Amino acid sequence: MLLAASVPCAAGAQFREVGEESGFIAYHLGGAYQGTCALSIDLCGSYLFLGGFVVGDLDGDGDRDIVAPRLGATPLVFLSDGTGGYARRTIGLGLDREIFAGGAALFDVDRDGDLDLLITGHGDAQHFLYINELETGRLRFHEDGVARGIAEQGIEAHAAVVATPSDPDLDGDLDIYVGEWSRRGVFECGAGRGRFFRNLGPERVGHFEDATSAVGLDVADRSQSEEHSFEGVFADFDDDGWLDFWLSGDFGTSSLYWSEQGRFSRLRPPSPGMNDMGATVADFDGDGRLDIFTVGIFAPLESIDGNRLYLNTGARVFRDATDELGVRRAEWGWGAEAADMDLDGDIDLLVSSGFFSADPGAGPVFLFENEGGSMTTDAYPDGLPGSVGQGRGILAEDVDNDGDLDVMVSYFDDRIRLFRNELPIGRNWMRVRVRDRHGGDGHGARVTVIDSSGRSQIRELGHQGGHTASATPLAHFGFGSLEDNTVEVRVRFLGGLEATVTAATRQEVLIEEPNAPPVIGPAAPLDASVWDCDGNGRLDACGADCDEDGIADACEILAAPALDCDGDGLLDSCGIALGLAMDCDASGVVDTCELSPTRDCDGDGRLDSCQAASVVCTRLDMGPMPVDGATPEVPRSGSPHCAASPTHRPPPPTHGQPWHWPTSSSGECADEGAAQQAEGRNPREAFLRFEADRLVPPPPL
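Residue positions within a chain follow its written sequence, with the count starting from 1. Only residues with pLDDT of 70 or above have their local features reported here, since the model is predicted, and side-chain atom pairs are shown and tallied only from 80 upward, although totals for entire chains, interfaces and linings are computed over all residues. The side-chain figures draw on all heavy atoms in the structure; neither hydrogens nor water molecules are used.

1. Focus: the overall build of the chain
Threshold: Here a helix means four or more residues in a row that DSSP labels H or I, a strand means two or more in a row labelled E, and each is numbered from the N terminus. Note on classification: 1.4 Å probe, protein chains only; a residue is buried when its accessible area is under 20% of the maximum for its type, exposed when over 50%, partly exposed between these limits. Should any heavy atoms of two residues lie within 4.5 Å, those residues are considered in contact. For accessible areas, the Shrake-Rupley method is used with a probe of radius 1.4 Å. Any residue's cover is judged against the shown protein chains and nothing else.
Per the secondary structure count, the chain includes 11 helices and 41 strands. A burial count over the chain gives 57% of its 701 residues as buried. For the chain, contacts bridging at least 24 residues in sequence account for 57% of all contacts bridging at least 6. A total of about 27,800 Å² of accessible surface is found on the chain, and carbon and sulfur atoms cover 51% of it.

Structure follows, in structure tokens:
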């Protein structure tokens, strides 16, 4: 059951747009885009999916600033004053390049204590990594993506949508996954453009390598040859201390990747959405486990059935609770954000929506309020837009530091809008900031708060925001009308170390990781043989898997050569099933592997036992040769012209009896066997000619 709200919905969140008065005005489309692309999906394709921003403390003053990448324009920067006001700043920051941008992420790539900026290309031929030079005493960036191995040049045009930083190998350095939605044809297996870039710290901290195949995060495989990835989220769904990965994908391609100590195995969800785009992770039912909500398109006349909410039941099992909780419909949805918008102690849902082909004038923000066992839907929450345009990214963020969460929504065809939450005064709250041992934001840390009533809530620090909007990690909690202003805060860091404090509410609390060796991790060094067992440079998951056991045939044969006894590169069991290898006696073993002089007297590659009873074996050389377990008499002659003579054809033997070889009546071959022995020829290496009145067909497969 979902936890009941402690404050009635009627007294819930109310919003007021404050973008202009706050100084935050940012339009997504740049002039270069508007001059070259009409608003048609056939012409613009995945451009129409974009429009976003990223939030974090750029200048180290404790306030969270905004970066807005754009299509065909320079990115915009807005520095926060901590009270809800912003000052636009672009000159002198080193962000003066016009970029066709997709997603963006703020994370400390080089462990120097400030936030660096990754802007992914969407129409550009590379990604851009801007290194923050704040340690020099001023806010300024320089672009260094190529030198640091993350630009991924050599592609005509990237189509990146979302970038997700995290530390799935538990080594203390932030890696990043960049997802792409591409319409540029069908990909060869393993050649998808979604990439996982591994940070090479500590030896080369801040530099990256493409480790997509090495960790098992390839999207294009033998079952999926097109890439339509949207939002990826790292989270520890099975509570084993390692971060798993959820990836939302269009056209039924969403996947859950379970981490096996830093390497991933792919699992399809039990009832995937047809068009999953945004995704968010939270404990919606208050059972201490992380659940998954994905945003889709609701168009029942076209058999497209909307959103999905998967409740985590433990032991790596989820169940589809979409209709049970009433969260299926959000029209043409895009981004999702899980947050306690009314500070009542449970998780609500915000969803952005809108697309030009559905209803050009519509794009409401949906608020699903968590109340007493179900979600109540409000397509037009007080003060949030009902019909502005094509909503894309969405983020809950306390921009004015008053304790409640405000809402930021980006639009493809309009400006980014900021809505201040006018929640009535009196709700209790707490914000938790985490600092790990490397000075980072505590990606992957699990935060639990327990109030005086014994009620607990969890948050996991990582990806925040929906679709093309994101923010650096913070944990925000609401306690409703709780009168006791003291709660217990527990933090479990990546690596297993824990810290516990008792702190007052209505403030931000900073908790630092203990200085001690981690309990688990880091992951073992990457080994190419894990994903390329035969060393051919290709992903094993793309190799033949004729028995459909999830293991490439080449890997099975390498581990157990007997599985391919005939050495043709195909599992014998599959060769038999496909009719590519003979198993005439239905023994389960390929006939050629059962052949021996005792079972194939003529050496034609067919078992004698599968032939007709009228088989005739004509010996063309000297020497005893067992036939079906018997030892024949040594023939007196065996020259080819003797064997070819009808007078020298031996009669068919009785089963289990030896051959009796007649001699030539003319005596012309009488001494040829002795001559062969004198020449040093081995009579056991005889050449046999097989004759049969008919072949016995193999039994049906």
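After that view of the structure, there is still more to cover.
2. Re the sheet that holds strand β13 (residues 195-200)
Heads up, the rule is: Whether two strands pair comes down to DSSP finding at least two bridges between them. Angular values range over 0 to 180 degrees, each being the angle between N-to-C directions of two axes fitted as lines to C-alpha atoms, with helices fitted over their stretch in contact.
Reading across from one edge, β11-β12-β13-β14 is the order of the four strands in this open sheet, with antiparallel pairing throughout. One side of each edge strand has no neighbouring strand; the edge strands of this open sheet are β11 (160-166) and β14 (204-210). Recorded for the sheet is a direction-independent mean angle of 20° between the axes of neighbouring strands. Across three bridges, strand β12 (residues 175-180) lies against β13 in antiparallel orientation. Residue pairing for β13: I176 is matched across the bridge by F197.

3. Observations regarding the side chain of D63
We apply this condition: Working convention for charge: Lys and Arg count positive, Asp and Glu count negative, and His plus the chain ends are omitted. What counts as a salt bridge is simple: a side-chain nitrogen of Lys or Arg found within 4 Å of a carboxyl oxygen of Asp or Glu.
Examined against the element boundaries, D63 turns out to sit in the loop between β2 (53-56) and β3 (65-68). Despite its burial, D63 pairs with no opposite charge; the closest candidate is R433, at 7.4 Å N-O. Dropping the residues within four chain positions of it, D63 is found in contact with G56, D57, S80, D81, G82 and N401.

4. Details of the pairing of strand β20 (residues 291-294)
For a regular strand, the rule is simple: side chains alternate between the two faces of the sheet. Burial of the side chains of β20 extends over both faces: D291 and F293 are buried on one face and I292 and T294 on the other. Sheet topology note: the strand β19 (residues 279-282)/β20 ladder contains four bridges and is antiparallel. The partner of A279 across the bridge, within β20, is T294. The sheet contact formed by β20 and strand β23 (residues 308-314) spans three bridges and is antiparallel. Note on β23: the bridge partner recorded for I292 is Y310.

5. Some thoughts on the sheet that holds β3
Sheet architecture is open: five strands sit in the order β6-β5-β3-β2-β35, paired in mixed fashion. Only two strands of the sheet have a single partner each, and these edge strands are β6 (86-88) and β35 (469-471). Each neighbouring strand pair of the sheet contributes to a mean axis angle of 20°, computed without reference to strand direction. Relative to strand β5 (residues 76-80), β3 is paired through three bridges, and the arrangement is antiparallel.

6. Topic: the packing of aromatic side chains
Applicable threshold: Side-chain rings of Phe, Tyr and Trp (the six-membered ring for Trp) are treated as a pair once their centres are within 6.5 Å; stacked means planes under 30 degrees apart, edge-to-face means over 60, and tilted covers the remaining angles.
One pass over the structure, following the stated rule, counts 19 aromatic pairs. A centroid spacing of 6.0 Å and a plane angle of 45° characterise the contact between F245 and Y257, whose relative ring orientation is tilted. One end of the pair, F245, is in strand β16 (residues 244-249); the other, Y257, is in strand β17 (residues 255-260), and 12 residues separate them in sequence. Each of the two residues, F245 as well as Y257, counts as buried.

7. Considering the pairing of strand β33 (residues 446-450)
For β33, a buried count of five out of five residues is recorded, marking the element as mostly surrounded by other parts of the structure. Direction of pairing for β33 relative to strand β34 (residues 456-460): antiparallel, over a ladder of five bridges. In the strand pairing of β34, T448 is matched with I458. A loop of five residues connects β33 with β34, the two strands running antiparallel in sequence, and G454 in this loop sits at a positive phi of about 90°. Inspection of the sheet shows β33 paired to strand β37 (residues 486-492) by five bridges, in the antiparallel sense. Of the residues in β37, the one forming a bridge with V449 is V489.

8. Overview of the state of the cysteines
Rule in force here: Sulfur atoms of two cysteines make up a disulfide when they are within 2.5 Å.
As enumerated under the stated definition, the model contains four disulfides in all. The side chain of C533 participates in a disulfide bridge whose partner is C555; the two sulfur atoms lie 2.1 Å from each other. Given an S-S torsion of about -100°, the disulfide between C533 and C555 has left-handed geometry. With C533 in the loop between α6 (528-531) and α7 (553-559) and C555 in helix α7, the pair connects residues that are 22 residues apart, well separated along the chain. Disulfide pairing is shown between C565 and C593; the S-S distance is 1.5 Å. Handedness of the C565-C593 disulfide follows from its S-S torsion of about 90°: it is right-handed. Here C593 lies in helix α9 (residues 591-594) and C565 lies in the loop between α7 and α8 (572-577), a separation of 28 residues in the sequence. Residue classification places C593 among the partly exposed positions, given a relative accessible area of 30%.

9. Quick notes on the environment of N275
Just so we agree on the cut-off: N or O atoms closer than or at 3.5 Å make up a polar contact, with two conditions inside protein: a donor-capable atom paired with an acceptor-capable one, and, for residues adjacent in sequence, both atoms drawn from side chains.
Note that N275 resides in the loop between β18 (263-267) and β19. N275 sits in the buried class, given a relative accessible area of 8%. Along the sequence, N275 and I304 sit 29 residues apart, while their C-alpha atoms lie 7.7 Å from each other. If sequence neighbours within four positions are ignored, N275 has contacts with G249, D250, F251, V295, G296, I297 and I304. Separated by 2.7 Å, the side chains of N275 and D250 make a polar contact.

10. Overview of unusual backbone geometry
Note the cis peptide between G201 and P202, where omega equals 0°. With respect to the helices and strands, the residue P202 is situated in the loop between β13 and β14. Although it is not a glycine, R316 adopts a positive phi angle of roughly 60°. Among the structural elements, R316 can be located in the loop between β23 and β24 (317-320). For A586, which is not glycine, the phi torsion reads 55° and is therefore positive. In this fold, A586 is placed in the loop between α8 and α9.

11. Digging into the side chain of D414
Mapped onto the secondary structure, D414 falls in the loop between β30 (406-411) and β31 (417-421). D414 gets classed as buried once you look at its relative accessible area, which sits at 16%. Here the side chain of D414 touches R417 through a polar contact of 2.9 Å, side chain to side chain. Ignoring any residue separated from it by four or fewer positions in sequence, one finds D414 in contact with Y27, H28 and V388.

12. A short note on the confidence of the model for the chain
Applicable threshold: In predicted models, pLDDT denotes the confidence assigned by the predictor to each residue on a 0 to 100 scale.
For the chain, the mean per-residue pLDDT works out to 81, and 78% of the residues sit at or above 70. Contacts for the low-pLDDT stretch residues 1-10, under 50 throughout, to residues beyond four places or in other chains number 31 contacts. When the criterion is pLDDT under 50, residues 618-701 qualifies, and its contacts beyond four places in sequence or with other chains add up to 143 contacts.

13. Here's the deal with the pattern of salt bridges
Inspection of every chain in the model, using the stated rule, returns 35 salt bridges. Between D238 and R316 there is a salt bridge; the shortest N-O distance is 2.9 Å. On the criterion of sequence distance, the pair formed by D238 in the loop between β15 (229-235) and β16 and R316 in the loop between β23 and β24 is long-range, its members being 78 residues apart. Take R316: its relative accessible area is 29%, and that puts it in the partly exposed class.

14. Points about the environment of S271
With respect to the element layout, S271 can be found in the loop between β18 and β19. Assessed through its relative accessible area of 24%, S271 is described here as partly exposed. Setting aside chain neighbours within four positions, we find S271 in contact with R308, Y310 and D320.

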